[in-house]
Each structure stands twice: as structure tokens, then as C-alpha cells.
Amino acid sequence: MTAPKPRIFSGIQPSGELHIGNYLGAVKQWVALQDQYECFFCIVDLHAITQPFEPAEMPMQIFDMALTLVAAGLDPERCTIFVQSNVPEHSELAWVFNTVTPLGELERMTQYKDKAARQESVLAGLLNYPVLQAADILLYHAVAVPVGEDQVQHVELTREIARKWNSRFGEYFPEPQAIVGKVRRVLGLDGQAKMSKSIGNTIGVLETADEIWEKIRVALTDPARKRRSDPGNPNVCNIFSLHRHFSSEDDVAWAEQGCRSAGIGCIECKRRLAENIVEALRPIRERALALKEQPDYVVEVLRSGAERAHSVAAQTMTEVRRRMGLRRGAELAEAEAE
Ligand code: ADP
């Protein structure tokens, strides 16, 4: 008999389109890891509602995210794709973990501090976001979590939460490791912050060639390069870093030399980048267009995914409740008789 594959878990918020930061930082790795691991990939709607959102748009956003993930290469035959709120054990375990998580740890999370700084009134859900994330991961006993660099701190906290719970209620949860791929962090088109759905500085993987060009055309470059004749510094130019992600070695060398010697202008450099991005994303876009014709298939992927995830999550919660003395109905009488 072959040994079962180790499990991984990762999630993505349905708060907007899948962008190239999500794709390069996380989803591309997920696609590559499907054979090596037993994979659970979750559309984390309960995380998305910690930011302002429109209830009427949520179902479509979830559907679109599922469709895009499949178009990007997740294969429902080889991995489990599901929606977080369809498996209520996520919320239940999150509450349990709230009772072993030090407040100070949550307050020092970088992502919390960044997001809180952008909001007038900070809600408890934003602070407790990493606790729900720990529940997401540990419900499945995942040993690894493939994420972008921005999530590494949350995975470290997940390890701490696992340790704290285990030390109180007995060894049960593994301490998962973050798997961060080659592309750790993609900057947004503003060239300032990480590319993020909640900031709106993104390029979506399904955008058309025209949409992509309109965004790249006005994106920030080396601010010191004011005129076409000024030599630029590719190391401080976000357009150049995107070339590194999407262009051939020859095109990267062309952009680097052309920029340093003022041999090419920013617009020329951007045009080539936009063409290369469109080309790289073409297969995803084409698969997505085909999937839009089969909405029932996408719905079925999520239905069967939730069923599979629920069967694992329910077992975990039964054991968690047992160890914590949280019994139900007949179990109470059994405990009394013991
Ligand atoms: P967003 O920040 O756009 O809302 P999510 O929080 O849904 O994205 O993150 C989904 C995955 O994409 C996570 O693994 C995260 O680390 C990764 N990710 C998000 N933004 C970036 C980025 N700019 N660069 C690299 N990885 C990213």
C-alpha cells in the first residue's frame, strides 16, 4: 500500500478578481503541488467579509473565483476546491482557537496593522482574521501552506496556536510550514504597496489585452527618469520587475540595457511587457471563457468539494470537542456514566 500523501491547505478571498500577484505568489504553486500533496483549496468568503463588501455581489464573486481557479490549472479531479462558509466547522474551530490565542499576538500582525490603518473603525473580525486562518489550516491537519510572503506571519501564528491548543488538550494538531515560492511578493501598479484586491492596484488574470494595456500604460516607473533621454534604473522600476515575471530572458536583457542606456523609452518597454503578460495569461483566459459556458460544472466542483472537505472537518471537530469536554446529547449521559 502506498503511504497517504501529506496534506496542504491554502485559501483565497473572493473579494475581487484573481490578480497576477495571487497567481504568481500562490495559485501557480498550488497548480504545481497538486500531484505531490493531497490538496485543499478554499475560497475564503468568511475572511472576505472582514472588509467592506456587497452581499448581492458575493455569490457571483465566489463563482467567478472558483471558475478562475479551475481555469488557472486547479484540477477538481486532483484537489478539493470549496467555499469556506459551506463547511461550518471553520467558524467553530476559529472560536475554539480564540480561547487559546493571546490578544497581543493578534495586535502585532503586520497585515492587521496595515488594514486597520486604512479603516475608520476597526472591527473585531479583522483582528481575529488569523485565528480563522489557523482553523482553516488545522481542520485538515495540513502540514504545509503554500502562500505569498505576506501570509508567512499568519502561518507562524498558526503554529503557535497549534502548540498552545496541543499543550492544553493533548498532541493533536501538526505545526504547518509555509511554502513560499520563487515569487514572494508582487508589487501593485502604484509601485508602492503589494498588489492586492483590497487596494485596487491589480491586473486581473482574465483581463483583456486592452484593459491590461490601459493599466500598464499609466503604471509607475523609475520616478527619476523624467525625459526619454534620461537613463533609468531598472532596479527601482516596477515595470522591470514585472518583465522578470513575464518576459523571456532576451526581453528582460533588452529592457534592462535599454533602460540603463536610455536606448528605449518607458512606453516601448511597457508595450512589450503588456504583450508578454497577455500572451502568458492567454491559456487561462481561453479556459475561463470555455468554463463560462458550463456553469453547472463549476457549481458541481464546489458542491463535491464542500462534501469532501466537510467529511474531514467534521472528524476533526468531533475529536476537538471530545478532548475539550464539549459533549452533545447522548454523549453527555455517556460521560456521566464513565
Ligand atoms: P489579496 O491580498 O489580493 O486580497 P488574498 O489575501 O486573497 O489576496 O491572498 C491569496 C493568496 O495570494 C495568498 O497566498 C497571498 O499570500 C497571495 N498574494 C496576495 N497578494 C500577493 C502579492 N502581491 N504577491 C504575492 N503573493 C500574493
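Residues numbered from 1 in each chain as written. Predicted model: local features only at pLDDT ≥ 70, side-chain atom pairs only at ≥ 80, totals over all residues. Heavy atoms only, no water.

This part takes up the overall build of the protein chain. Helices and strands together make up the secondary structure of the protein chain, namely 14 helices and 5 strands. The C-alpha radius of gyration of the protein chain comes to 22 Å, within 12% of the 20 Å expected for a compact globule of 338 residues. Once the C-alpha set of the protein chain is aligned to its principal axes, its extents read approximately 85 × 45 × 45 Å. Here the protein chain holds 338 residues, and 49% of them are scored as buried. Here the contacts in the protein chain between residues at least 6 apart in sequence split such that 78% fall between residues at least 24 apart. Of the accessible surface of the protein chain, which amounts to about 16700 Å², a share of 52% is contributed by carbon and sulfur atoms. A gap of 5 Å separates the mean positions of the 39 positive and 46 negative side-chain charges of the protein chain. (Helix = DSSP H or I, 4+ residues; strand = E, 2+ residues; numbered from the N terminus. Rg over C-alpha atoms; globule rule 2.2 N^0.38 Å. Buried < 20%, exposed > 50% of the residue type's maximum accessible area, 1.4 Å probe, protein only. Contact = heavy atoms within 4.5 Å. Areas by Shrake-Rupley, 256 points an atom, 1.4 Å probe, with all protein chains shown as cover. Lys, Arg positive; Asp, Glu negative; His and termini not counted. Charge placed at Lys NZ, Arg CZ, Asp CG, Glu CD.)

The next point concerns the packing of aromatic side chains. Considering all chains together, one arrives at 9 aromatic pairs under this definition. The interplanar angle of 75° and the centroid separation of 5.5 Å between the aromatic rings of Phe 97 and Phe 173 together place this pair among those described as edge-to-face. Here the residue Phe 97 occupies a position in helix H4 (residues 89-98), and Phe 173 occupies one in the loop between helix H8 (152-169) and strand S5 (177-179), the gap between them amounting to 76 residues. The burial state of Phe 97 is the same as that of Phe 173; both residues are buried. Connected via pairs of aromatic rings, a cluster forms that spans Phe 97, Trp 165, Phe 169, Tyr 172 and Phe 173. The ring centre of Trp 213 lies 4.2 Å from the NZ or CZ of Arg 271, which sits over that ring. Residue placement shows Arg 272 over the ring face of Trp 254; its charged tip is 3.9 Å from the ring centre. (Phe/Tyr/Trp six-rings, centres within 6.5 Å; stacked < 30°, edge-to-face > 60°. Lys NZ or Arg CZ within 6 Å of the ring centre and 35° of its normal.)

Notably, His 141 is not glycine yet its phi reads approximately 50°, a positive angle. Summarising the element assignment, His 141 is placed in the loop between helix H7 (124-139) and strand S4 (144-146).

Moving on, we get to the site of the ligand. Close to the ligand lie 19 residues, the nearest being His 19, Gly 148, Asp 150, Val 186 and Lys 197. Between the ligand and Gln 13, the relevant distance is 2.9 Å, taken from an oxygen atom to a main-chain nitrogen or oxygen of the residue. Here an oxygen atom of the ligand sits 3.1 Å away from a polar atom, N or O, in the side chain of Ser 196. Coverage of the ligand by the protein chains reaches 97% of its 540 Å² of free accessible surface. Structurally, the ligand is housed in the largest pocket. The set of elements that each furnish at least two residues to the shell around the ligand consists of strand S1 (7-12) and helix H1 (20-33). In terms of residues, the shell around the ligand owes the most to one element, H1, which gives 4 residues. (Near = heavy atom within 4 Å. Polar contact = N/O pair within 3.5 Å; in protein donor to acceptor, adjacent residues only side chain to side chain. 1 Å grid on protein atoms, 1.4 Å probe; cavity = no way out; pocket = protein on both sides within 12 Å on 5 of 7 lines; lining within 4 Å. Sits in = over half its atoms within 2 Å of the grid points.)

Before going further, it helps to examine the packing of helix H10 (residues 238-246) against helix H11 (residues 249-260). The contact between H10 and H11 brings their axes to 8 Å, and the two run at 165°. The orientation of H10 with respect to H11, classified from their angle, is roughly antiparallel. Pair H10 / H11 crosses with left-handed handedness. Each of Phe 240, His 243 and Arg 244 in H10 lies in contact with H11, whose residues at this interface are Val 252, Ala 255 and Glu 256. Its residues placed into classes, the contact of H10 with H11 shows 3 nonpolar, 1 polar and 2 charged. (Axes fitted to C-alpha atoms, helices over the stretch in contact; angles between N-to-C directions. Parallel < 35°, antiparallel > 145°, perpendicular 65-115°, else oblique. Left-handed = near helix turned anticlockwise from the far one by under 90°. Nonpolar A, V, L, I, M, F, W, Y, C, P; charged D, E, K, R; others polar.)

Okay, the pairing of strand S3 (residues 79-83) next. S3 sits mainly inside the fold: 5 of its 5 residues count as buried. Both faces of S3 are covered, namely the face carrying Cys 79, Ile 81 and Val 83 and the face carrying Thr 80 and Phe 82. Relative to S3, strand S2 (residues 38-43) runs parallel, the two sharing 5 bridges. For Cys 39, the partnering residue across the bridge sits in S3 and is Cys 79. (Pairing = 2+ DSSP bridges.)

With the rule as written, the count across this model stands at 21 salt bridges. With its nearest N and O atoms 3.2 Å apart, the salt bridge here joins Glu 256 to Arg 260. With a gap of 4 residues between them, Glu 256 and Arg 260 both fall in helix H11, about one helical turn apart. Classification of Glu 256 by relative accessible area gives partly exposed; the value is 24%. With a shortest N-O distance of 2.9 Å, Glu 300 and Arg 303 are connected by a salt bridge. Here Glu 300 and its partner Arg 303 are both found in helix H13 (residues 295-324), 3 residues apart, which amounts to about one turn of the helix. Here Arg 303 falls in the partly exposed class, since its relative accessible area comes to 43%. Shared partners join several salt bridges into a network, and the residues in it are Arg 7, Glu 38 and Arg 308. (Salt bridge = Lys/Arg side-chain N within 4 Å of Asp/Glu carboxyl O.)

Turning to the domain arrangement of the protein chain, a few remarks are in order. What the domain assignment lists for the protein chain is domain 1 (7-186 + 295-337) and domain 2 (209-290). Roughly 740 Å² of surface becomes buried between domain 1 and domain 2 when both sides are summed, with 76% attributable to carbon and sulfur atoms. Among the residues domain 1 hides against domain 2, the three largest losses belong to Ile 20, Leu 24 and Ala 71. Together they make up 52% of the total. Between domain 1 and domain 2 we count 0 salt bridges in total. Elements with a minimum of two residues in the side of domain 1 that touches domain 2: H1 and helix H3 (58-71). Taken together, the residues of the side of domain 1 that touches domain 2 sort by class into 9 nonpolar, 1 polar and 1 charged. (Domains from an automatic or database assignment. Buried area = accessible area lost by both parts, 1.4 Å probe.)

Relative to the 26 Å expected for 18 residues at 1.5 Å per residue, H8 spans 26 Å between its end C-alpha atoms, a close match to the ideal helical length. Residues His 154, Val 155, Leu 157, Thr 158, Glu 160, Ile 161, Ala 162, Trp 165, Asn 166 and Phe 169 constitute the buried set of H8. Two residues or fewer after H8 comes Gly 170, characterised by a positive phi angle close to 105°. (Expected span 1.5 Å × (residues − 1).)

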